[in-house]
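Breakdown of the fold
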Amino acid sequence: MNFFRGVMGGQAAGPQPSGAETIQKLCDRVASSTLLEDRRDAVRALKSLSKKYRMEVGTQAMDHLITILQTDRSDSEIVGYALDTLYNIICNDEEEEQDESEDAVTPLPASGKHKNVSMPDENAQKQADDLGAQFTDKFIEDPEHITLLLTLLEEFDFHVRWPGVKLLTSLLKNQGVQVQGIILVSPMGVSRLMDLLADSREVIRNDGLLLLQQLTKGNAAIQKIVAFENAFERLLDIITEEGSSDGGIVVEDCLLLLLNLLKNNSSNQNFFKEGSYIQRMKPWFEVGDDNSGWSAQKVTNLHLMLQLVRVMVSPVNSPGATASCQKSMYQCGLLQQLCTILMATGVPADILTETINTVSEVIRGSQVNQDYFASVNAPSNPPRPAIVVLLMSMVNERQPFVLRCAVLYCFQCFLYKNQKGQGEIVATLLPSTIDANSISAGQLLCGGLFSADSLSNWCAAVALAHALQDNLTQKEQLLRVQLATSLGKPPVSLLQQCTNILSQGSKVQTRVGLLMLLCTWISNCPIAVTHFLHNQENVPFLTAQISENLGEDERLVQGLCALLLGICIYYNDNSLENYTKEKLKQLIEKRIGKENFVEKLGFITKHELYSRAAQKPQPVFPSPEQMLFDHEFTKLVKELEGVITKAVHKSSEEEKKEEEVKKTLEQHDNIVTQYKELIREQDAQIQELKEQVASMTSQHEQMQTTITQQLSQIQQHKDQYNILKLKLGKENQSQPNNQGDSSQMNGLQTEELSQLREEVEELRKQHTLLQSQLSDKDALISSLKSAPAETTEGSAEGPDNTKLLQELDDLRSQVQSQSAEIAQLKSERQDLLRKVEDGESSSVPSSDSSLDAAKMSKLENRLAAQTSETERLKEEAKSLSDSRADMEQQLASATSTVAILQTEKTKLQTEVQESKKEQDDLLMLLADQDQKIHSLKQRLKDLGETVEDEDDLDARDQTDDEDEDDDED
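This is a predicted model, so every value here is computed, not measured.

Thresholds applied
Residues numbered from 1 in each chain as written. Predicted model: local features only at pLDDT ≥ 70, side-chain atom pairs only at ≥ 80, totals over all residues. Heavy atoms only, no water. Helix = DSSP H or I, 4+ residues; strand = E, 2+ residues; numbered from the N terminus. Buried < 20%, exposed > 50% of the residue type's maximum accessible area, 1.4 Å probe, protein only. Contact = heavy atoms within 4.5 Å. Patch = residues over 30% accessible without salt bridge, like charges linked within 9 Å, V, L, I, M, F, W, Y side chains within 5 Å. Areas by Shrake-Rupley, 256 points an atom, 1.4 Å probe, with all protein chains shown as cover. Salt bridge = Lys/Arg side-chain N within 4 Å of Asp/Glu carboxyl O. Lys, Arg positive; Asp, Glu negative; His and termini not counted. Charge placed at Lys NZ, Arg CZ, Asp CG, Glu CD. Expected span 1.5 Å × (residues − 1). Bend = angle between axes of the 7 residues up to and from the residue. Phe/Tyr/Trp six-rings, centres within 6.5 Å; stacked < 30°, edge-to-face > 60°. Lys NZ or Arg CZ within 6 Å of the ring centre and 35° of its normal. Axes fitted to C-alpha atoms, helices over the stretch in contact; angles between N-to-C directions. Parallel < 35°, antiparallel > 145°, perpendicular 65-115°, else oblique. Left-handed = near helix turned anticlockwise from the far one by under 90°. Nonpolar A, V, L, I, M, F, W, Y, C, P; charged D, E, K, R; others polar. Core = buried A, V, L, I, M, F, W, Y, C linked by side-chain atoms within 4.5 Å. UniProt positions renumbered as here; feature names shortened; annotations may be inferred. Disulfide = S-S within 2.5 Å. Polar contact = N/O pair within 3.5 Å; in protein donor to acceptor, adjacent residues only side chain to side chain. pLDDT = per-residue confidence, 0-100.

Here we take up the overall build of the chain. Regarding its fold elements, the chain presents 44 helices and four strands. Going through the 969 residues of the chain one by one, you find that 39% of them count as buried. Contacts in the chain between residues far apart in sequence, at least 24 positions, make up 72% of those at least 6 positions apart.

Shown next as structure tokens:
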């Protein structure tokens, strides 16, 4: 005990041992003592010496302390002392001082704290950091030590868990990557650390947050595990419990941990969005009307909350994920809440700047969000659009530089992929839409473009360039803008005014902004190139700027002038004879030189600020003087530098070949487009057919199901019928024996009667059929009588037809007689049936009586007579059918004969008609001949010739005949 008194400060005789010797003795005591109390006292003493003798304790006692953690885990007090000692030797001096200041009852004086903490000796601090790293390396040489530490964190005892959390945090700070790797492969390692957030003791929970911050730095795998261990839910609950933005340092720690989990981790971002955690961020930004007196902690918390929103919609994220988050933020009202802060009064400047940047990225590239932002009005009298209010801040040189940069970024994001918004901005510059009573965005941009402040010139030029980005229509519309420079002078175009200011030799920042605007304006717009070249002073100014040997500050301006002249060559449509592509290239070769031109063009990409601006869309500059390049303009330079270099070096023949190739490619593209449309149509048709097939398949399946159901129902009915049939058979067999004879006779009678009924019905059907056929034949015969009788009176077939008609009459009389007999038979059958029914009805109630024998014999005789009569009727029906067949055959032969005669008659009638026609033609011909002869005779008479008429010729002929007769006599 005297030994411990000496160590703890008691007076002892003899010389005092050194610190190293004391520590060595304590280590020996820890290693050799068998009593737990002795080891505990020794470890407590090492803890008290570990801050003053950090090197000695670390080098001599670390192994013994680790052994204590392994062997004496059951005693929480000695384990706590060992963990505290290890923490003291591994953490650096700055952390130690901070812990002392936190643990002390009274804070340190300002001067002392300033001396010990705020401004430590750099060399001593560096040595302390190196010492902590060395001890950390020694501790993690064996990964089992980290596993042991994770196991100890499961202990609920405060004196074990809290120092264990602090020790693991220090290990992660000193050697984060190695410790992260060990924890990652340790079973349930991350899950054990996540349990710290559920600890009811705020000290452990808060230090657990710091531990998880160090654990999740730069390790995507651990970030995913922590996120899927329900970290988002727990952290958001803690933020809500602590008062959201009005909370303390714990809210800040939670937000820092959330930033670690979400930044550059697309998986966790998607999990955060899908878990509907974006909606839970909206209450964070609900600020009241009284915004005075914001605490520093509230400003810090809200700044981190805005950064968390920006992480979800950052331009570096994938476009699909960003668009989805932007949509969720609009739907849940988060964007509306941010716009409220944007237009509120009393908001601190840095919060307002970060809010503008956040709104910028929430609306960037989202048409719905951009349209909403365009509709937001500032609470002024009269109300003004938020865009106009922000632009007023941008062109105001008295506003803070970071705020003006944020407004420019907001305006760029509003116009990004927003042709509607670009058209609205350009429309405010056109003469037909200018309102003299209100300030428009176009007026503010023009005012900033031509103000005395070079930063306003640059910002307005870049903003106007974004209104023209990838929009050929607005580039052409902006050519219509006219500016009134001074009273009494005619207005000049905006394009001309820009070139005028450029040629006046203003500041470098102003000229750079104007050149970027002109390059963006005339690129890919041949009409704008023509307008630019139409001014005779522009090309000489550009060539003069490029050819001069100026200082370092002017190199960027020379490069931009070279780019502008190259755009005039590349997008030239040769509409101006003096400035065609070929003439401009000749001018470059004579005045500048092709190699010198390309060298000056390369000055743009070689500038030190070019690569910085090309990294991200947000304009972030250390000072206003370094604000020279725009992100979108760097893309344009990268796109045009190579093609302009090729265009300058190309000959006219190569250009012609290129144009031909372009035309061929355009034709090919048109053909491909047509085929694509055809394929789309075919795909649509195929889709329709697939839908039809699917519907028909479903209908077929339904019908199959219906058929199966019906078949099952039929089978059920059959089974029921068979069962009933069996029941009826059993009932018939169970009837008394004394009724056997009568039942047999009744059954026999009933069976014969049913058979008789069927035969009579069959005869009736045959009779009806014969009647219908006979009526058809009668109609046919009557028609035949009237038709061929006129043409065939003298033919040889007449007697046969008369005989046939006679036979048909006989047959008709036989059928009529048979019909009478059948009718009589029907009446007899009805009487028989009525009598049988009477007999059955009388036999049913009187089952004990027997039938009269005489009556039965009479019925049997009548039944036999009826049967014979039926047989006779069958024979007569058979003979009648045979005679009907003979008659049909004779009728068919008569029909064919009539058809032949009808054909001959038609033929004769045709010949007679033809002969009549020929006779009429001959008569007409003779009449024409007579008319001609008469006219000729009349003409001969008129000419004085003697012409004999037909009467004279007839008389002469008669006289000559008489003379001949006389001569013969």
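Attention now goes to a negative patch on the surface. Taken together, the side chains of Asp63, Asp137, Glu141, Asp142 and Glu144 define an acidic patch exposed on the protein surface. Inspection of the secondary structure assignment puts glutamate 144 in helix H9 (residues 143-152).

Time to look at the pattern of salt bridges. Following the criterion strictly, the structure yields 21 salt bridges and no others. The salt bridge involving arginine 44 is made with glutamate 77; its shortest N-O contact spans 3.6 Å. In this pair, arginine 44 is assigned in helix H3 (residues 36-49) and glutamate 77 in helix H5 (residues 76-90), connecting sequence segments 33 residues apart. The exposure class of arginine 44 is partly exposed, given its relative accessible area of 30%. Here glutamate 77 falls in the partly exposed class, since its relative accessible area comes to 34%.

Once that is clear, we can look at the side chain of threonine 520. In this fold, threonine 520 is placed in helix H30 (residues 508-522). By relative accessible area, threonine 520 is classed as buried at 6%. Among residues more than four places away in sequence, those in contact with threonine 520 are Ala465, Gln469, Lys475, Phe633 and Leu636.

The next subject is the environment of alanine 544. By secondary structure assignment, the location of alanine 544 is in helix H32 (residues 538-547). Residues alanine 544 and arginine 591, 47 residues apart in the sequence, show an inter-C-alpha distance of 8.4 Å.

Looking now at helix H4 (residues 54-71). An ideal rise of 1.5 Å per residue puts 26 Å on 18 residues; H4 measures up with 24 Å between its terminal C-alpha atoms. At alanine 61, H4 shows its largest kink, close to 60°. Listing the buried residues of H4 in full gives Arg54, Val57, Gly58, Ala61, Met62, Leu65, Ile66, Ile68 and Leu69.

With the rule as written, the count across this model stands at 11 aromatic pairs. Taken together, a centroid distance of 5.5 Å and an interplanar angle of 40° make the contact between phenylalanine 272 and tyrosine 277 tilted. An aromatic cluster of three or more residues is present, and its members are Phe228, Phe232, Phe271, Phe272 and Tyr277. Geometry around tyrosine 87 places lysine 166 over its ring, the cationic atom sitting 4.9 Å from the centre. Cation over ring: arginine 201 sits above phenylalanine 156, and NZ or CZ is 3.9 Å from the ring centre.

This part covers the packing of H30 against helix H33 (residues 552-570). Between H30 and H33, the least distance of the axes is 10 Å, while the angle of their chain directions is 15°. For the element pair H30 / H33, the angle class is roughly parallel. Where H30 crosses over H33, the two elements pack in a sense that is left-handed. When H30 is examined against H33, the residues Val508, Arg511, Val512, Leu515, Leu518, Cys519 and Ile522 are found in contact with a partner set consisting of Asp553, Glu554, Leu556, Val557, Leu560, Cys561, Leu563, Leu564, Ile567 and Cys568. Considering only residue class, the contact of H30 with H33 consists of 14 nonpolar, no polar and three charged.

Before going further, it helps to examine the nonpolar core. Counting residues in hydrophobic clusters, the biggest one holds 206 residues, and the most contacted among them are Leu168, Leu193, Phe285, Phe373, Trp521 and Leu563. With 12 residues, the top contributor of residues to this core is helix H24 (residues 401-415). What phenylalanine 285 contacts, discounting residues up to four positions off in sequence, is Leu302, Met305, Leu306, Val309, Leu334, Gln337, Leu338 and Ile341.

Here we take up the environment of arginine 234. Positionally, arginine 234 belongs in helix H15 (residues 231-241). Sequence separation between arginine 234 and methionine 194 is 40 residues, and the spatial gap between their C-alpha atoms is 9.6 Å. Apart from the residues lying within four places of it in its own chain, the contact partners of arginine 234 are Met194, Asp195, Leu197 and Glu229.

Bringing the UniProt feature "coiled-coil region" (unreviewed entry) in the chain into the picture now. Here the UniProt-annotated "coiled-coil region" (unreviewed entry) positions come out as residues 672-706. The span residues 672-706 is 100% helical and 0% strand by assignment, and the distance between its end C-alpha atoms comes to 50 Å.

Moving on, we come to unusual backbone geometry. Positive phi is not limited to glycine here, since asparagine 230 has a value of about 70°. Structurally, the position occupied by asparagine 230 is in the loop between helix H14 (220-228) and H15. With a phi angle near 60°, serine 276 is a residue other than glycine that sits in the positive phi range. With respect to the element layout, serine 276 can be found in the loop between helix H17 (266-274) and helix H18 (296-312).

With that out of the way, let us pick up the packing of helix H31 (residues 526-534) against H33. At a minimum axis distance of 9 Å, the contact between H31 and H33 shows a crossing angle of 120°. Considering their axes alone, H31 and H33 lie oblique with respect to each other. Considering how the two elements wind past one another, H31 and H33 form a crossing that is left-handed. Facing H31, whose interface residues are Val529, Phe532 and Leu533, H33 presents Leu564, Ile567 and Cys568. Its residues assigned to classes, the contact of H31 with H33 comprises six nonpolar, no polar and no charged.

This part covers helix H21 (residues 349-363). With 15 residues, H21 should cover 21 Å at 1.5 Å per step; its first-to-last C-alpha distance of 21 Å lies within 8% of that length. Most of H21 is tucked away, with 12 of its 15 residues classed as buried. Those residues of H21 not exposed but buried are Ile351, Thr353, Glu354, Thr355, Ile356, Asn357, Thr358, Val359, Ser360, Glu361, Val362 and Ile363. Tucked inside the fold, the buried residues of H21 contact H18, helix H19 (319-331), helix H20 (334-343), helix H22 (367-375), helix H23 (386-394) and H24.

On the secondary structure map, phenylalanine 621 appears in the loop between helix H37 (608-613) and helix H38 (631-649). Judged by relative accessible area, phenylalanine 621 falls into the buried class, the value being 10%. When near neighbours in sequence (up to four residues on either side) are disregarded, phenylalanine 621 contacts Phe401, Gln626, Met627, Leu628 and Phe629.

Disulfides are covalent bonds that link the sulfur atoms of two cysteine residues. Applying the stated rule across the entire model yields zero disulfides. Cysteine 568 takes part in no disulfide bond, and the closest cysteine sulfur, belonging to cysteine 519, lies 8.4 Å away. Looking at cysteine 568, the relative accessible area reads 0%, which means it is buried.

This brings us to the side chain of glutamate 252. One can find glutamate 252 in helix H16 (residues 249-262). This buried residue, glutamate 252, is left without a salt bridge; lysine 217 holds the nearest opposite charge, at 12 Å. Among the polar contacts listed, one links the side chain of glutamate 252 to the side chain of glutamine 297, at a separation of 3.1 Å. Contacts of glutamate 252, omitting those with residues within four sequence positions, involve Gln297, Thr300, Asn301 and Leu304.

Glancing now at the confidence of the model for the chain. Model confidence for the chain is summarised by a mean pLDDT of 81, while 78% of its residues fall at 70 or above. Confidence drops under pLDDT 50 across residues 1-14; counting only partners more than four residues distant or on other chains, this segment forms 11 contacts. For the stretch residues 839-851, pLDDT sits under 50, and the model shows four contacts to residues farther than four places along the chain or on other chains.

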